[in-house]
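Okay, here's what each chain looks like letter by letter:
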Amino acid sequence: MRWRPSKQTLPGRRASLRSPGLPCPDHQLTRAASTALQHHSGTMAESLRRMVNNGNFTSLQDKLEKWLDDYHINTNDQNVARACELVELNARVQGQLFTLLNLVASEGGLYGGVNTLKNRLLPWLSSGFAASAASVSADTSLAVLAEAADKDRQITEIQSHYEQQLDNMEKDLQDTKDDAAALKAELDETRDELDDTRRKSTGTMMATEDEIIRLKEDQVRSLQNRIKDRRRQLRLTRDESSSLRTRVDLIGDYERQVRVLRDEIAILRGERAALENGLPEPLPPLPPPRPGSPTHAKLTDSVRRSRLIGRYNDLFSIDRVEALTTLRRYIPDDEEMVQRIVFVGVQEAFHAAKMAFRAMRLRVRKNLAITHVGPETLEEAVLDYIVRNTDLFDVNGAVQDTIRAMNVNPKISFPAEIDFNLLHPFIREVCRCGWGMCALEPPLDISPATDAELYNELKYRRSYDSEFTAPLVAYHVWPALMEYDRVVVKGEAVTKRGASLSPRRATSPRPMSPSRSRSPSPTRSGSAMSVSSRPSSRSSPRPYSAASSYVSY
């Protein structure tokens, strides 16, 4: 398309170009202007055609869509690189557009398109837009953009082709693995079948018909011999059982008659003694043991001894801890007093159990002395009767005796609003254990203990809060279990330097009552050792030994 000047503009331009000194013909001016405009219009059209052919906007749209698809897959650096690439591409496209804008504006002359530039371009530029100028020429920029688009397209095709090949290779690899697993399974089955066949063939070759027959004959012969031996043993056993049954029947008849006669004699003698002397009801007679056989007490002595020793250890590790926990609720700031209360409770409970056992033994001896006849001695019969009738022990009475003794003990104290009955379950179990130990032969007893005595490593072990270099015992935590002079179970004591010989007084005063006065406890009757006149005798009202406490039994 050629540009032709209008009739109104051409004379004006001729007038402006004409000079008074240089005459210019009108046809020369028209020809020069037409040639310049034609060249300028051809340049603009060629640039516009190149821009359309390169497809810069299409490449920009394709890159944006591809970035959107791969945005969540790419890393941060890759996304930033894509953004920079799009910005550069957009800047190049804008540079080309500004070049076209310059060419188009130059066609309008000096004032062509001024209003449009003022109304649209200048406000847009004033809003903060800054277009980066192209660093290369227009032709070079268009060629670079075209090459970049082609390279991106080629890279995309290569990448898709590579991914497709990779998927195909993975599928082939998986198929190969499946085929290998199937072949391995078939190989294992074939190997198992081969092993079974080999085993069967080996067994068939080894076990011939002659060997099988010989084995059967040996088995039959051994079974016959066993049957003969069993029959012979059964016959002997039947003969022995028939003879023993006859003897047992005779012995049973004799023993039954003797037992009936003894029971009748014991009942008659007891009734006569009760009528004549006003004595209490006689105890039921003890069934006499067979001649020459040990009594029930002797047979069960070792079992009862081990059981009672174990129970004594449980009292220390379980019941004592529960009693200490109960006492700490009411005496929270005096751990020594809590330990003393438990120790005195154990001492008084053992003493009450021994006194009850002594009274029981005297009463049973007095009743059995009238009717006792038999191979065993009277003491054995008395002990056997007590062991068989442990339910006759008045454990509640022993617990009350223990609590009364604790109330008058000067070494311990308790808040006025609380009573020692809080320790009733603990004292009850200690009384039962002490009663059972009195019925042993030889009996077991706790060791006597006094404050400020010399520490004995054979009888006690130090507590965790002791001074391990102190030679004297401040107070005892648990008594040692003795069999005469032999230590069966060690006790526990607290050793401190400067242990006082005088008893420790209570830190919290309590009102004095007739039932819980602080007068020294009277000397108990029946103790085998008198109280010493030394000051230390006040801290232990009954310093008897383990051997002497059973002298009068």
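Residues numbered from 1 in each chain as written. Predicted model: local features only at pLDDT ≥ 70, side-chain atom pairs only at ≥ 80, totals over all residues. Heavy atoms only, no water.

- The protein carries the name Mitochondria-eating protein in an unreviewed UniProt entry, which gives Branchiostoma belcheri as its organism.
- For the record of the protein, the UniProt heading Sequence similarities (unreviewed entry) holds the text "Belongs to the MIEAP family." (UniProt positions renumbered as here; feature names shortened; annotations may be inferred.)

**Side note on the overall build of the protein**
Consideration 1: Along the protein, the regular secondary structure elements total 13 helices and six strands.
Consideration 2: A total of 553 residues make up the protein; the buried ones form 30% of that total.
Consideration 3: A fraction of 72% describes how many contacts in the protein between residues 6 or more apart in sequence connect residues 24 or more apart.
Consideration 4: A total accessible area of about 36,300 Å² is found for the protein, and carbon and sulfur atoms account for 56% of it. (Helix = DSSP H or I, 4+ residues; strand = E, 2+ residues; numbered from the N terminus. Buried < 20%, exposed > 50% of the residue type's maximum accessible area, 1.4 Å probe, protein only. Contact = heavy atoms within 4.5 Å. Areas by Shrake-Rupley, 256 points an atom, 1.4 Å probe, with all protein chains shown as cover.)

**As for the packing of aromatic side chains**
Consideration 1: Overall, the coordinates contain six aromatic pairs when judged by the stated rule.
Consideration 2: Taking 5.3 Å as the distance between ring centres and 80° as the angle between the ring planes, the aromatic pair formed by F357 and W435 counts as edge-to-face. On the criterion of sequence distance, the pair formed by F357 in helix α10 (residues 335–371) and W435 in helix α13 (residues 424–438) is long-range, its members being 78 residues apart.
Consideration 3: Judged by its relative accessible area of 0%, F357 is buried. (Phe/Tyr/Trp six-rings, centres within 6.5 Å; stacked < 30°, edge-to-face > 60°.)

**Looking at helix α9 (residues 301–328)**
Consideration 1: For α9, which comprises 28 residues, the first-to-last C-alpha distance of 38 Å matches the rise-based estimate of 40 Å (1.5 Å per residue) to within 8%.
Consideration 2: Along its length, α9 reaches its greatest deviation from straightness, about 40°, at L315. (Expected span 1.5 Å × (residues − 1). Bend = angle between axes of the 7 residues up to and from the residue.)

**Quick notes on the packing of α9 against α13**
Consideration 1: Where α9 contacts α13, the two axes come as close as 10 Å, and the packing angle between them is 160°. The orientation of α9 relative to α13 falls into the category roughly antiparallel. Considering how the two elements wind past one another, α9 and α13 form a crossing that is left-handed. Side by side, α9 and α13 meet where R304, L308, R311, Y312, L315, D319, R320 and A323 of the first sit next to F426, E429, V430, C433, G436 and M437 of the second. (Axes fitted to C-alpha atoms, helices over the stretch in contact; angles between N-to-C directions. Parallel < 35°, antiparallel > 145°, perpendicular 65-115°, else oblique. Left-handed = near helix turned anticlockwise from the far one by under 90°.)

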